[in-house]
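Topology and contacts: notes
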Amino acid sequence: MPPPRPLLLLTVLVFAAARPGCEFERNPAVTCVDLQLRTCSDAAYNHTAFPTLLRHRSWEVVEASSEYILLSVLHQLLEGQCNPDLRLLGCAVLAPRCEGGQVRRPCRHICEGLREACQPAFDAIDMAWPYFLDCHRYFTSEDEGCYDPLEKLRGGLEADEALPSGLPPTFIRFSHHSYAQMVRVLRRTASRCAHVARTYSIGRSFDGRELLVIEFSSRPGQHELMEPEVKLIGNIHGNEVAGREILIYLAQYLCSEYLLGNPRIQRLLNTTRIHLLPSMNPDGYEVAAAEGAGYNGWTSGRQNAQNLDLNRNFPDLTSEYYQLAETRGVRSDHIPIPQHYWWGKVAPETKAIMKWMQTIPFVLSASLHGGDLVVSYPFDFSKHPQEEKMFSPTPDEKMFKLLSRAYADVHPMMMDRSENRCGGNFLKRGSIINGADWYSFTGGMSDFNYLHTNCFEITVELGCVKFPPEEALYTLWQHNKESLLNFVETVHRGIKGVVMDKFGKPVKNARILVKGIRHDITTAPDGDYWRLLPPGTHIVIAQAPGYTKVIKKVILPARMKRAGRVDFILQPLGVGPRNFLHGLRRTGPHDPLGGASSLGEATEPDPLRARRQPSADGSKPWWWSYFTSLSTHRPRWLLKY
């Protein structure tokens, strides 16, 4: 007996609602037309079809839609985060791919991965996840023939670039590398040395280029107990390219020499985890490279795509340090990022570096620049802000000088006795200088490393020509190779060890204090620590909340080449008030990068939350008026409340 007509109609409606946007499945033959949306001009395909998955039936309707307007401004709304990935994902729905009269849907797993990564950015501006990026409704599985809408971002970068015939795999081409060439070389190198190397991304630039890192370690991708972590960063200023190329060469050299059995390199990679980021500012590099070597001006391409100087874009913790240092009994290390910092423009490249630093317990770092020939070390910001040049040492002045000399003393040009050469004005200082004593500036990366984390970072100026000609690159490599290796090896100076309780359980975030040096470091999640120290006798203290402190005397000989092992076993405090000095740790605001300590577990960054909280009075978010002014269609689907 057939069901009544109303019930039959209801059955049809329920089925249709359960299968939204299936008109292409029921009518698979469609007419493909040229893709004409400016916002989607860089999609991985050239043809689309009407009606779209959102049932738009013309270009005019698409361009007037609030969905298209959102894609057009998403870059600015999220301040570069998840760009251009989300825009291309949205284009795959607003202008679906059409091939041979068939519409192809984007892959569901791509959508799900992006939602997991980008949801915090939407939460930070109090915006709901867009309905048309519903991973189950508008996307499909690989079994059903989906495609990757982000394939163009990776297009040409996955493929291996064959070396000229007859050349050995250890061959290094001393030339400038475009972004695509750099990525190919790093990935090819990691593939050749897969047992000791890997590549990974720490984020994207403002224009959407991957900030690609190559890592070398006996166990790539894992932090090993008491194995120190080192990072080398190049191209923070886009037009200072020598560091970018030298790190590309260094990656190939480490791989080749390891495979050839070089005992020094094998020992280094087996005892150290090394991270190389050749280009922190790939967008700026593109501007500089367009002018080319020898034609590049002093500033063309220096900034990122937002016109921000990345080495002035980090939080100014040095000013706060100077205030804290005058107060007895207050810690002046691991200073939290102030909330007001997030009210300014923060580059996605800067956020990526800060998250990276909070994820990995770096001990040592160098930032490679160009424009002079000298090694500088913190502080870079003068103790008296009005003083453009003023010696402003950190509590670890002796150690920073040792680190700087480790680079300069084996660099042939830095040790050249001619005062007429590049960097000759630093000759009497041994080609090293305190940063603020050279020139003072705020918002630098080195000061931030020292005051927010355990990491000691120096700045290396590689030469007076910021964009050297190609014929000079081999000589630059030869001048800096030994300096780089010698510097990385200094991470094994000082002491290292594990802090644990009486049951052998690691104590994370325990403090390691050195008497006479007002700068503490903290233990990693596994309870291990590294404390860079100059030779001499040191009184070292370990303490943590709920435990008694332990004091040890340590003697480090001048010729000691390996870090001394100093472990601590902390005993729990008895019943009663805990005598841990809470006053030594300031209670700062919630850290928008995740809230964990600088050595704690990595958490999803949320850098805009402090700046754009939901309105307490229930009013619309700050971005709502923008959409209502541009379109008659009010996108209430973007409201969370």
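Everything discussed here concerns the structure shown above.
The structure contained in this document is the topic of the report that follows. Just so it is clear, the structure is predicted and the values come from calculations on it, not from any experiment. (Residues numbered from 1 in each chain as written. Predicted model: local features only at pLDDT ≥ 70, side-chain atom pairs only at ≥ 80, totals over all residues. Heavy atoms only, no water.)

1. Concerning the overall build of the chain
Along the backbone of the chain there are 18 helices and 20 strands. The buried share of the chain, reckoned over its 641 residues, is 56%. The contacts of the chain with a sequence gap of at least 6 include a subset with a gap of at least 24, amounting to 75%. Of the roughly 27600 Å² of accessible surface on the chain, a fraction of 53% belongs to carbon and sulfur atoms. (Helix = DSSP H or I, 4+ residues; strand = E, 2+ residues; numbered from the N terminus. Buried < 20%, exposed > 50% of the residue type's maximum accessible area, 1.4 Å probe, protein only. Contact = heavy atoms within 4.5 Å. Areas by Shrake-Rupley, 256 points an atom, 1.4 Å probe, with all protein chains shown as cover.)

2. Re the sheet that holds strand β9 (residues 362–369)
Taken together, the 8 strands give an open sheet; going across it, the order is β5-β6-β8-β7-β9-β12-β10-β11, and neighbouring strands pair in mixed fashion. The two strands at the open ends of the sheet, each matched to only one other strand, are β5 (197–204) and β11 (432–434). The average angle at which neighbouring strand axes cross in this sheet is 25 degrees, direction not considered. Alignment of β5 against strand β6 (residues 210–216), held across 6 bridges, turns out to be antiparallel. Paired with R204 across the strands is E210, a residue of β6. The strands that helix α9 (residues 242–259) touches are β6, β7 (229–234), β8 (273–277), β9 and β12 (456–463); relative to β7, the one it contacts most, it runs at about 135 degrees. Helix-sheet contacts for helix α16 (residues 445–452) involve β7, β9 and β12, and the interaxial angle to β12 is about 165 degrees. (Pairing = 2+ DSSP bridges. Axes fitted to C-alpha atoms, helices over the stretch in contact; angles between N-to-C directions.)

3. Observations concerning helix α11 (residues 282–291)
By the burial criterion, the buried members of α11 are P282, D283, G284, Y285 and A288. The first or second residue beyond α11 is G292, which carries a positive phi of 90 degrees.

4. Quick notes on unusual backbone geometry
With omega at -5 degrees, the peptide bond leading from F50 into P51 counts as cis. With respect to the helices and strands, P51 occurs in the loop between β2 (47–48) and α3 (59–64). Following P378, the chain continues into F379 via a peptide bond in cis, with omega recorded as 0 degrees. Notably, H334 is not glycine yet its phi reads approximately 50 degrees, a positive angle. Along the chain, the position of H334 falls in the loop between α12 (318–325) and α13 (348–359). Take H334: its relative accessible area is 6%, and that puts it in the buried class. The phi angle at N509 is positive, at roughly 60 degrees, despite the residue not being glycine. Note that N509 resides in the loop between β13 (495–501) and β14 (511–514).

5. Regarding helix α14 (residues 397–408)
The end-to-end C-alpha distance of α14, which contains 12 residues, comes to 16 Å, matching closely the 16 Å that a straight helix rising 1.5 Å per residue would cover. Of the surrounding elements, those touching the buried residues of α14 are β9, β10 (372–377), β11, α16, β12 and α17 (473–489). (Expected span 1.5 Å × (residues − 1).)

6. Looking at the sheet that holds β14
With respect to topology, 4 strands assemble into an open sheet ordered β15-β14-β17-β18, the strand pairing being antiparallel. The open sheet terminates on both sides in strands that have one partner only, identified here as β15 (517–522) and β18 (550–556). Here the strands of the sheet are splayed against their neighbours by 25 degrees on average, with no regard to which way each runs. Direction of pairing for β14 relative to strand β17 (residues 536–543): antiparallel, over a ladder of 4 bridges. Directly across from V514, in β17, lies its bridge partner V540.

7. What to know about the pattern of salt bridges
Per the counting criterion, the structure on display carries 22 salt bridges. Ionic pairing is found between R97 and E99, a salt bridge with its closest N-O pair at 2.7 Å. Taking relative accessible area as the criterion, R97 reaches 10% and is therefore assigned buried. Between E457 and K231 there is a salt bridge; the shortest N-O distance is 3.3 Å. With a gap of 226 residues between them, E457 in strand β12 and K231 in strand β7 connect regions that are remote in the sequence. Exposure class is identical for E457 and K231. Each is buried. Salt bridges here are not isolated pairs; linked through shared partners, they connect R198, E215, E229 and R273. (Salt bridge = Lys/Arg side-chain N within 4 Å of Asp/Glu carboxyl O.)

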